[in-house]
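# Secondary and tertiary structure notes
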Amino acid sequence: MLNVPSTSFPAPSSQQRVATLGRSKVPLKPGRSLMDWIRLTKSGKDLTGLRGRLIEVTEEELSRHNKKNDCWMCIRGLVYNVSQYMEYHPGGEKELMRAAGADGTELFDQTHRWVNYESMLKECLIGRMAVKPISISKGTLTQVKVPQATDTEFRPRYDWFQTDSAVTVVVYTKQENMGLDLVIVDYQENVLRGEVILGDFSYLLLIELNHEIQKKIDVCVSAKAGKIELVLQKRETKVWKTLGQYLEGHDSFIKSFQRGLFYRKCRLASKIAVNYNTRLFCFELPKGCNFPVPVGHHVYIKLPIAGVEVVKPYTPVSHSLMLDPKNKSICENQCIYLMVKIYPEGSFSPQLDQLSIGDYIAVSNPQGNFKMSQIEKVEDIFFLAAGTGLTPMVKLLRHVLSYHHSLRKAKLLFFNKTEDDILWRDQIVDLSLTNERFEIQFILSEPSAKWNGCKGRISLPFLSETITRSERESKVLICICGPNGFVDQGIRFLQDLGFSSEEVFVFKE
Ligand SMILES: Cc1cc2nc3c(=O)[nH]c(=O)nc-3n(C[C@H](O)[C@H](O)[C@H](O)COP(=O)(O)OP(=O)(O)OC[C@H]3O[C@@H](n4cnc5c(N)ncnc54)[C@H](O)[C@@H]3O)c2cc1C
Ligand code: HEM
């Protein structure tokens, strides 16, 4: 559990806020790792107590199975026996027991809706709830009816028109300041999926097209009018009578968190060593995909590990720290870059490292709480990063230095163990030499004898000395990311130094 001093610190929008709702990982006993769980599920052991039989479960029956050694749980209408999983649950037994003998859907979604429980608990499936008829096919559930937003005042609407060579689908959002980065478009197996993010809401177009199109889709946005155009190039110059079949969820306008995570397959294009334990992966987006990842947001990566689909979050970075647009790789819109530390004993990162060029992974839609409004009018920005905690800072740093002309100072305080651990050290130093608004300080906790830079760990005196406003009333933002202990301490020290909750944003790693 993160040790957050008061309920209002850091700001409610920080990702930290999510963590304070009782989320924390617990140390698991030896032999209870994810890989051990996967092995157990593949061992042929009867994990349900029903020897593979699927049953219909009444609420009364469900509620009877509410003990640690006999624990059933309903998620999205399907019932699982989670008794065997109890010791393997990274959130701990106590957390899992909160939904014992009950419908845990809401609790599950509040905590970690990205976790791929269907795959992980496939062998624990008891059956379905008798009262909520949701069809089961091979242990997975079919699409759930999408609830609609009640407030329809801001509901977008769409229309379409065509020429001989193209079909244009137009979405009228009635929102000013629409940007290309709010529109996610995918085209897979003749299905067009267009999602527009409007504040906390999501508007979706989901159409199985009747005719084939070229795989390149142009997305145009009129920011002032709030109009979005998706231009589809026809493969044949036929007149389309209809767009196609509208799939479940089409033309829906709901809260973003209610929308299931959508994944697209991305191909590993390159892998470069950043240092001895961290790699920069470049994944190619499929053709026809418009996939902007907002600054400070992360994606979920899904990989099959020994037949079980496992999901972990990563924060896309840019291909480098360089600001010169001439150096901006043309790949930037067609690729997604992940800087990942490989833990030899980890369950996921070594599998990622094992991928060969040309292999595919699934990448989710972006998620996160960071809002660009938080950096509006900011004059001094500080980045407190430890290790791969650098990743959310990369795009943010590039953004503020490129577009925030009112910014006076951007300072990165980068904490690592040794010199070899410093990620993108040369690039960071180059940037500080070429951009006078950017300052850098490396702090090492286990430096070699020849290191004459800053030594130690995050501390109150150090932050009090280094986090200073350029002018008395400067508007500041301090972003923190790193391991939980580092983040907890940072938050406490900043509060002691008198920074307000609005002045601190935590990217939880
Ligand atoms: C929002 C968000 C964004 C992130 N972005 C990035 C990013 O951009 N880059 C990045 O590299 N990471 C990022 N992470 C972390 C990432 O999601 C993974 O947690 C990380 O890659 C480790 O995963 P793993 O499965 O390989 O290791 P894990 O299996 O989770 O293990 C991690 C470490 O803990 C040790 N360990 C595991 N189980 C135990 C146990 N029972 N007892 C003792 N030690 C144990 C392992 O040996 C290993 O050293 C992010 C996390 C979040 C929440
Ligand atoms: C519904 C009741 C549940 C509660 C209250 C709960 C709670 C939690 C908590 C608090 C964490 C730690 C989160 C963090 O620090 O990031 C966690 C992690 C986790 N839980 Fe649950 N959990 C529940 C059900 C389940 C179920 C049914 C599964 C089945 C697979 C599951 C799988 C996981 C996994 C894989 C993680 C690690 C996530 C990660 O590495 O980011 N949980 N859970």
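In the block above lies the structure referred to throughout.
Report on the accompanying structure. (Residues numbered from 1 in each chain as written. Chains lettered and ligands numbered in written order. Predicted model: local features only at pLDDT ≥ 70, side-chain atom pairs only at ≥ 80, totals over all residues.)

## Description of the site of ligand 1
Put simply, the rule is: Near, as applied to residues and a molecule or strand, means the residue's backbone-placed C-beta atom lies within 6 Å of it. Three residue categories are used. Nonpolar comprises Ala, Val, Leu, Ile, Met, Phe, Trp, Tyr, Cys and Pro, charged comprises Asp, Glu, Lys and Arg, and polar comprises the others, including Gly. What counts as a domain boundary in this text is fixed by an automatic or database domain assignment.
With respect to spatial proximity, 21 residues lie near ligand 1, and among them E345, G346, F348, S349 and T391 are the closest. Of the residues in the shell around ligand 1, the class split is eight nonpolar, eight polar and five charged. Split by domain, the shell around ligand 1 shows at least three residues from each of two domains, domain 3 (263-364) and domain 4 (370-508).

## Examining the site of ligand 2
To keep it simple, the criterion reads: Helix and strand assignments follow DSSP, with helices taken as H or I runs no shorter than four residues and strands as E runs no shorter than two, numbered in order from the N terminus.
In the vicinity of ligand 2 lie 21 residues, with P90, G91, E95, A99 and G104 positioned nearest. Taken together, the elements giving at least two residues each to the shell around ligand 2 come down to helix 4 (93-97), helix 5 (105-112) and helix 6 (117-120). Take the shell around ligand 2: its biggest share by element is four residues, from helix 5. Broken down by class, the residue content of the shell around ligand 2 amounts to eleven nonpolar, six polar and four charged.

## So, the sheet that holds strand 15 (residues 227-234)
Either a parallel or an antiparallel arrangement is found when strands of a sheet pair, and the pairing is made through backbone hydrogen bonds. Convention followed: Should DSSP find at least two bridges between two strands, the strands are regarded as paired. Only the contacting stretch of a helix is used when fitting its axis, a line to C-alpha atoms as for every element, and angles between N-to-C directions run 0 to 180 degrees.
Taken together, four strands build an open sheet; the order of strands is 9-10-15-14 and the sheet is antiparallel. Looking at the sheet topology across the chains shown, the edges are occupied by strand 9 (157-162) and strand 14 (213-222). Along the sheet, successive strands turn relative to each other by an average axial angle of 20 degrees, direction set aside. Bridge count for strand 9 against strand 10 (residues 166-172) is six bridges, and the pairing is antiparallel. When the bridges of strand 10 are listed, Q162 appears paired with V167.

## Focus on the pairing of strand 9
Rules: Exposure is read from a count of other C-beta atoms within 10 Å of each residue's own; the residue is exposed at 12 or fewer, buried at 20 or more and partly exposed in between. C-beta atoms are placed from the backbone.
When you tally the buried positions in strand 9, you get zero out of six residues, a small fraction of the element. Taken together, strand 9 and the strand that follows it, strand 10, pair antiparallel across an intervening segment of three residues.

## With respect to the environment of G31
Along the polypeptide, G31 turns up in the loop between helix 1 (15-19) and helix 2 (34-42). Along the backbone, G31 and Y88 are 57 residues apart, and their C-alpha atoms lie at a distance of 8.7 Å.

## Focus: unusual backbone geometry
We note that N177 has phi near 60 degrees; this positive angle belongs to a residue other than glycine. Considering the arrangement of structural elements, one finds N177 in the loop between strand 10 and strand 11 (183-188). Residue N177 is classed as exposed on the basis of its C-beta count, with 8 C-beta atoms lying within 10 Å. With phi around 50 degrees, A306 is a residue other than glycine that occupies positive phi space. Relative to the helices and strands, A306 is located in the loop between strand 20 (299-305) and strand 21 (308-314).

## Examining the sheet that holds strand 30 (residues 504-508)
Threshold: Our contact criterion uses C-beta atoms placed from the backbone: two residues qualify when those atoms are within 7 Å.
Spatially, the six strands line up as an open sheet ordered 28-27-26-25-29-30, and their pairing is parallel. Two strands in the sheet have a free side with no partner beyond their single neighbour: strand 28 (454-455) and strand 30. Across the sheet, helix 9 (residues 425-434) is in contact with strand 26 (409-416) and strand 27 (438-444); its angle to strand 27 comes to roughly 145 degrees. Contacting strand 25 (380-386), strand 26, strand 29 (476-482) and strand 30, helix 11 (residues 484-496) runs over the sheet at an angle of about 155 degrees to strand 29.

The analysis is restricted to geometry; functional conclusions fall outside its scope.
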